[in-house]
Structure formats: C-alpha cells, structure tokens
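Here are the chains, one letter per residue:
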Protein chains: 2
Amino acid sequence: MSPEPRAAFDDPELVERFADLVVGFGANLQPGQVMAIGSEIGKEDVTRALARSAYRHGARYVDVSYFDLHIKRARIEYAAEDTLDFVPPWLGERIVELGNMHAARIGLTGPAHPGLLAGLDPNRVGRDQLPAVRETGPVVNARTTNWTAVPCPTRPWAALVHPDVDPQEAWVTLCEQIVHVCRLDTDDPIAAWRERADTLVSAAARVTDRRFDALRFVGPGTDLTVGLLPTSKFLAARFETVDGIQHLPNLPSEEIFTAPDPARADGVVRATKPLVLGGSIIRGLEVEFREGRAVRIDAEEGAEVLRSYAARDETADRLGEAALVDGDGRIGALDTVFFDTLLDENAASHIALGHAYAMCVEDPADEARINQSSIHVDFMIGSPEVRVLGVGTDGAETPVLTDGAWQV
Amino acid sequence: MSPEPRAAFDDPELVERFADLVVGFGANLQPGQVMAIGSEIGKEDVTRALARSAYRHGARYVDVSYFDLHIKRARIEYAAEDTLDFVPPWLGERIVELGNMHAARIGLTGPAHPGLLAGLDPNRVGRDQLPAVRETGPVVNARTTNWTAVPCPTRPWAALVHPDVDPQEAWVTLCEQIVHVCRLDTDDPIAAWRERADTLVSAAARVTDRRFDALRFVGPGTDLTVGLLPTSKFLAARFETVDGIQHLPNLPSEEIFTAPDPARADGVVRATKPLVLGGSIIRGLEVEFREGRAVRIDAEEGAEVLRSYAARDETADRLGEAALVDGDGRIGALDTVFFDTLLDENAASHIALGHAYAMCVEDPADEARINQSSIHVDFMIGSPEVRVLGVGTDGAETPVLTDGAWQV
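Everything numeric in this text was worked out from a predicted model, so none of it was measured.

A. Structural view of the relation of the copies chain A and chain B. Superposition of chain A onto chain B requires a rotation of 180 degrees combined with a translation of 0.0 Å along the rotation axis, giving an RMSD of 0.0 Å. What the superposition gives is, in effect, a two-fold axis relating one chain to the other. Looking at the interface residues of chain A, 100% of them are also at the interface in chain B, so both copies use one shared face.

What follows is the structure, given as structure tokens:
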C-alpha cells in the first residue's frame, strides 16, 4: 500500500506561506492597520493562519466575521416574506468604519457548503444577499482600504469541482490547483505576481489607449455589443489606495476590466461557465440585452436566482463591468470549472450585472453615468472560441482578443 | 459488543427541543424581534438549531456572532502590547443597536477550547476581554432586550469536566447533565421552570424584606462581610423587559442575587470552585477585601489573570454582585465542577467583582452608588459548609442559609 497522498493545505507550513502571501502581498497589510477577514464556517484553518500572519505583520486588530450558510438557509426556509431583505445596520456600519479607519481587508472565496440552498424558493434566495452589503461598493470606490479576495479550499468544494474521483483525491487536486494558480509553486511567488501584474497593467493601458466606443463579443450563441464611456479605463491586477498602498484586489488575478456604459448593451450572450450565486448553481445561462437592460434571463437550471438578483433594484439589470482575460493565465489552462467567481472569472472574459467601479472611468461626468446598484454579479462569457472586437466611434471593428491572445 | 451509548446532543430531535425551550421560553422571543446569538466555533449544531427555532418563532432576523478563541490566541501571542485593549467600535454599536431595537439575545456558555490560552502571558490575556464588550452592561440595565444565557455542550468541554473516563463517555455524561439541569428530562420543562422560578422569586422577596445591612459568609478559610445598600433588592430567575416580556436571563438558574455596597466588603474569602476566566483556569483562589476593595488576590494557579481583570479600571476590584444558592437546585446536587460560570455559579453562593445590575436597587440614590466597571467576574464562595448570615443595622446576626436550606 502506498501512503495516502497529502493535500497541500493539510500542511501547516504551506498554509502559513499562503497566509503570508495573502496578508503581506495581496492585501499588503501595513503595521498598525486593522485587518478585517470575511470568512465562513468551514474555513477556520486558513482564517486562523491569516490572523496569525496579520498579527505578525503588525496588525492593530484582526476582525474575523464567520458567515454560516446554514443560518441563511434557516432564514430563507422559515422567515416571513417581508423580512427577507432586512439587513441589520451594524453590518453596513462595520464596512463604513473599516473604510474610515483605512483598514486592510481579506475575503475568502470558494463555496464551503455547495448546494446547501438547493431546493429553496429561488425568489426568496435572491432577496437575501448577505453576507454582501451595499456599503462595500462605495468603500471600494473610495480606495480607502487595501484589500484582496483569495480562494480558500475546502473539502466540500473539492468534491464539487472534482466529482468523479474519491473525496481525498479531489481534495488533493483542488489544493494543488489553488497552489498553482496562486503561483505558490514558484521559487518566489511575490516576484511571479509582480511580473504577471506588470503584463496585465500594460495590456490594460494599450486597450484603454484605443478609446473604443464599444466591445463586441462573438462566438457560439453569443453576439453582444457592450458600449463603453468616453473615458472608460481598463484596470488590472494592482490597485493603489488613497494612501499609496499597492494591493492585489484578486489573488489570483488574470483579467483587465472596465466600467461600461450602462445604457448601451445589445444582443445575446451565452455564459461559458456555470455561475454559483447565493449558494445556488446557474447552468446554461443565456441573457439578452436591449438598450443596456437584461430583458431576458434564461438558463437550463437556476435562472430564477439571477432574475431575482437582477430585479433587486432599478439598475440591477444593467452592466457594471466588462472584463477581458487572455490565454496566458494559469486558471484557464486548467480547464476546470471551479464554481467560484474569483477563479472562474479569471479563466475567461466576463461581464457583470450591477455595481460599477468608479476608478474605471477618468471623467467625473462619466463617473455620474456608471451603474450604481446593490448587486454585482459576474458571469463568464469568454472562451477561446469567443472573439473580442473593439468597435470604433465610426463603427470600424478591430480584433482585441483572438484565441486568447491580445491583438492590440 | 453493546452499541456505543448515544449522547443526547447527538440527537437532532433533542437539540430541537432544547432550542425551542431556549428561544421560546428562556429568551421568550416575540414575533418580529431581531434575535442575536453569541456563539463560538465548535457550537455550530446548537447555534443552527437556535436559528431555525427563532425563525419558526417569527424572528425578523437572526444575527449570529461566532467568536473564535484561536484568533484571540493569535492576538495575545503576537499583537503589540499597546493594541491589546483596542475594541473596534462596531462590536459595541451592535449591542447598543440591539438594545435600541428591543431585540432578543441568546448567549451560549461552556468552554469550547479549554486551555487554549494556557501558557500565554496572563497580563496580556487579561487586557483582551473580547468577546465581552462594555456596552452590554448598560443594555442589560436598560431592560430593553429579553435575553438568556444557556450552556452549549461540546466534546472538549466534556473531556475537561470528566477527564477520568473516555471521551465518548465524558460527552454522553455532560450532555445528560445539561439535559438534567435544564430540566429537559421532565414531562413539561416549561412548567418545571415556572415552578422553580416561583420558588426562587419568593425566597428573594423574603430575604429582601429583612433589609439586612450586610451578608456574612463563614466557612473553611472564609469570613467575609459584604455590605448591602439601603434598597438592595434580591432578584431571581425571571426578569421582565420594559416592554413586559418575561425571560430567564440564565437557563438554568438557581440563584437569588443583589447589588452590594461597593464601599463595604471586609474579610477573606476562599473560592469553593475553580474559575474559568478568559480561557484560563484559576484554582485555589483566595481574595482579601478591605473597605470594599480586593486588596489581595492569591491562588494556587492563575491568580495573575484575575489580578489583571481586577486592575482593568478603577472600580474593577470592587463587588458588583452577591448571590445565594440553596441546596434544592439541580446543579449543586451533581457535585461536578463544570468550569463554566453559568453552571458553577448556580451550584453555589457567589460574589462578583465589577459591574452591578441597576435593577438590584430600588432607590435612585442607591443606583448612583452601585459599582460601575467594564468587568463582571463571578466566583464561587458557597458550599454546604459555608453559612450565610444576615447582619442587621444593629449588628445582630440572623441565619439566612444553613446547610443549603433557607432559614428566613
């Protein structure tokens, strides 16, 4: 008998290196800062390693918020209909105060309880959007916090991603993949990330400089034109706070993204990957846009959940993000559906319904035009088969991304 | 082979009955109320059952706060000395807002990670008092929230309480004991609690009516006189909010208690049970009082932790509570040290350093005199061998509690 293979995240030394990368480079915690960690039940080991690393890096205080999806399930199952969108004020005040004190923030992604909300009324599921709170968007836009979102592997997630192998093998494989996409298997992960971020920042600058009037996505089941604003700017990988602290909002990050014109999106788009939303899984998604609005949301499974999100407020059915992902990233190459937006969106070009990031436009007039909403839902529309074209104000089309390679 | 005995709290039906008793009777949640649950990692099953029960009882929202003692350990181990008493504002604002919205509250007691803070610098341990926040005292005094504190059994706690048997037997035994002391093994637990509460409320009224000037505790190693205020009132078991909602602040509850005169406590007292404080265990505690102040705190083990608490603020070394427990309760009869204040204090008469409850005095002048502090630490000083005497203003002594039986 050969010994059971050991998963990377069962090794405390690896978890500590991961935590140090996330705290010291991704969030780039500065001595004296408060550090908030958005975690959930099932992610205790990584959360504790992050807290230890944060305190070793000089955190003034580490505020951990453990979300429990079982409690959310109880609410959706039993609570009165008219209470489902109640959010206690202290949840939003916490994020506002984190902004005011210029804190560091870490969010752990990856479903820890996949399928737990299955079978519930999707309209009710869509009305409770916790742990997300609407105060987060403005705090992100104000660039007061240095933050990062990173994947946290769990065994239930591994079984979801790799259902055809035994649970231990699935766990070993998912851990390996996360180590790989986080570039923890390089000699110097921080240097590797600096280099990749440089590449993405440069591509973003080149696409921005073309000042396209729109992007057009063309592929199987997809022909969608997304209008851009006069000063729509593509950003990538590395952000800087108002205090000059550089951080990686997503780790891993392989995308360049901008804020589109919320009044101009026309055509049909077919999602190229499943979307995990509020604990539900939406498969075979197809969305039709007219004059900026998502006028039809269909899916093989789970369409109602996204419809409910898109009806959340008046502008929840308009676009807040358009993002392009090249073929050089480490995620797309794995050809794995992770059922996690952070990883999946960095495998493929995508768009998002809802809130836009103000730093993606340069002009105050455009800033007033970008979409404001209480939701932000990314869904993946890119693949090697989906060409991305830049459309000039004269209607001329220029290839931007073909077969996953930059054309500009 | 006989089948492994099954622990009561491994039975979902029992956990649901426990949750319904706690939510529907202990906290007495009213439809439309927000319900806050103070839980910790390791207590997920009971927490989720409480949330389900709360939503079934009509809760508007259930706000669960999972504390993680491992994060606290990381802080005490690594954080800079001058940051250890920092408390982020949102933790206090949450409890203030729970008060303002007249919410229901449940706290789960019982150590889930006993010994986890062992070996750390006790002065540093004493400076971080989370998850306790100072805003809780005033909210309790304002009687705006209907709340209850209840024990939540965990396997590590069971092993601590019953170290001489195997872990499964320890777990089965602790669960049985908690079922017993919560009177869940009676035909009608609510009726049983109504009857016991009636008995305690009546004893409290009789002792109050004697208007003693002081209580004197006399037993092995103990001769302590605790002054009372002119309108010190003994309370018991059942509280009522400003809205007229009756609740059991402690479930189980076997005590009658009052707010003493913080300026008058003299003598020496020996704790009759170990005290678990901030994750540390204090054994063989002996405290000497002079003119209301704890002037000497000694112990066989862990004295520094209590010394650090008592130095927390100017009045943390004065008494905020004196409580009497008769021999008819179910806890004392088990002759078990639970290492949990809620259970242990209800097994024996006790006193507390720190904050006093304003509802324990009738006169505004006395309310201005009771102790105000950021701490409230109960420690057990009663046993069948400790007599309790009431001292009149003329110095005459009247037996109050002898061999655990009421004498008034």
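Moving on from the model shown.
B. Quick look at the domain arrangement of chain A. Residues and elements named next belong to chain A. Considered domain by domain, chain A is made up of domain 1 (8–152) and domain 2 (189–406). Between the C-alpha centres of domain 1 and domain 2 the distance comes to 23 Å. Counting residues at the interface gives 36 residues for domain 1 and 35 residues for domain 2. Between domain 1 and domain 2 the total buried area reaches about 3,000 Å² when both faces are included, carbon and sulfur atoms providing 61% of it. Three residues stand out in domain 1 for area buried against domain 2, namely F25, Q129 and R143, and they jointly supply 23% of the buried area on that side. Linking domain 1 to domain 2 there are zero salt bridges. Among the elements of the structure, helix 1 (12–26), helix 5 (122–127), helix 6 (136–142) and strand 4 (146–151) are those that each provide at least two residues to the side of domain 1 that touches domain 2. Tallying contributions element by element places strand 4 first for the side of domain 1 that touches domain 2, with six residues.

C. Spotlight on helix 2 (residues 44–56) of chain B. An ideal rise of 1.5 Å per residue puts 18 Å on 13 residues; helix 2 of chain B measures up with 18 Å between its terminal C-alpha atoms. Helix 2 of chain B sits mainly inside the fold: 10 of its 13 residues count as buried. Of all the positions in helix 2 of chain B, only B:E44, B:V46, B:T47, B:R48, B:A49, B:L50, B:A51, B:S53, B:A54 and B:Y55 are classed as buried. Of the surrounding secondary structure, the elements contacted by the buried residues of helix 2 of chain B are helix 2 (44–56) and helix 3 (69–78) of chain A together with helix 1 (12–26), strand 1 (34–40), strand 2 (61–67) and strand 3 (104–109) of chain B.

D. Spatial organisation of the interface of chain A and chain B. If you look at the interface, chain A gives 35 residues, while chain B gives 35 residues. In this assembly, chain A and chain B are joined by two salt bridges. On inspection of chain A and its partner chain B, the count reaches six residue pairs in polar contact (both at pLDDT 80 or more). The set of elements that each furnish at least two residues to the side of chain A that touches chain B consists of helix 2, strand 2 (61–67), helix 3 and helix 4 (89–100) of chain A. When the residues that make up the side of chain A that touches chain B are grouped by side-chain class, the tally is 20 nonpolar, four polar and 11 charged.

E. Main features of the sheet that holds strand 3 of chain B. All names here are of chain B. What the four strands build is an open sheet, ordered 2-1-3-4; its pairing is parallel. The open sheet has two edge strands with one neighbour each: strand 2 and strand 4 (146–151). Going across the sheet, the axis of each strand differs from the next one's by a mean of 15 degrees, ignoring polarity. On the sheet, helix 4 (residues 89–100) packs against strand 1, strand 2 and strand 3 and is oriented at approximately 145 degrees with respect to strand 1.

F. Local environment of the pairing of strand 1 (residues 34–40) of chain A. Residue and element names in this part refer to chain A. Strand 1 sits mainly inside the fold: six of its seven residues count as buried. Both strand 1 and strand 2 contribute to a ladder of seven bridges, which runs parallel. Bridging across to strand 2, M35 finds its partner in V62. Assessed by its sense of winding, the connection that carries the chain from strand 1 through helix 2 to strand 2 is right-handed. The pairing of strand 1 with strand 3 (residues 104–109) spans four bridges and is classified as parallel.

G. View of the packing of helix 1 of chain B against helix 2 of chain B. Residue and element names in this part refer to chain B. Two numbers describe how helix 1 lies on helix 2: the axes approach to 8 Å, and their chain directions differ by 55 degrees. On the basis of the axis angle, helix 1 is oblique to helix 2. Of the two elements, helix 1 crosses helix 2, and the hand of that crossing is right-handed. Taking contact as the criterion, the partners of V15, E16, F18, A19, D20, V22 and V23 in helix 1 are, on helix 2, D45, V46, A49, L50, S53, A54 and R56.

Reading guide: rules and limits
- Residues numbered from 1 in each chain as written.
- Chains lettered and ligands numbered in written order.
- Predicted model: local features only at pLDDT ≥ 70, side-chain atom pairs only at ≥ 80, totals over all residues.
- Heavy atoms only, no water.
- Least-squares fit on C-alpha atoms with pLDDT ≥ 70 in both.
- Contact = heavy atoms within 4.5 Å.
- Domains from an automatic or database assignment.
- Buried area = accessible area lost by both parts, 1.4 Å probe.
- Salt bridge = Lys/Arg side-chain N within 4 Å of Asp/Glu carboxyl O.
- Helix = DSSP H or I, 4+ residues; strand = E, 2+ residues; numbered from the N terminus.
- Expected span 1.5 Å × (residues − 1).
- Buried < 20%, exposed > 50% of the residue type's maximum accessible area, 1.4 Å probe, protein only.
- Polar contact = N/O pair within 3.5 Å; in protein donor to acceptor, adjacent residues only side chain to side chain.
- Nonpolar A, V, L, I, M, F, W, Y, C, P; charged D, E, K, R; others polar.
- Pairing = 2+ DSSP bridges.
- Axes fitted to C-alpha atoms, helices over the stretch in contact; angles between N-to-C directions.
- Right-handed = clockwise from strand over helix to strand, strands pointing away.
- Parallel < 35°, antiparallel > 145°, perpendicular 65-115°, else oblique.
- Left-handed = near helix turned anticlockwise from the far one by under 90°.

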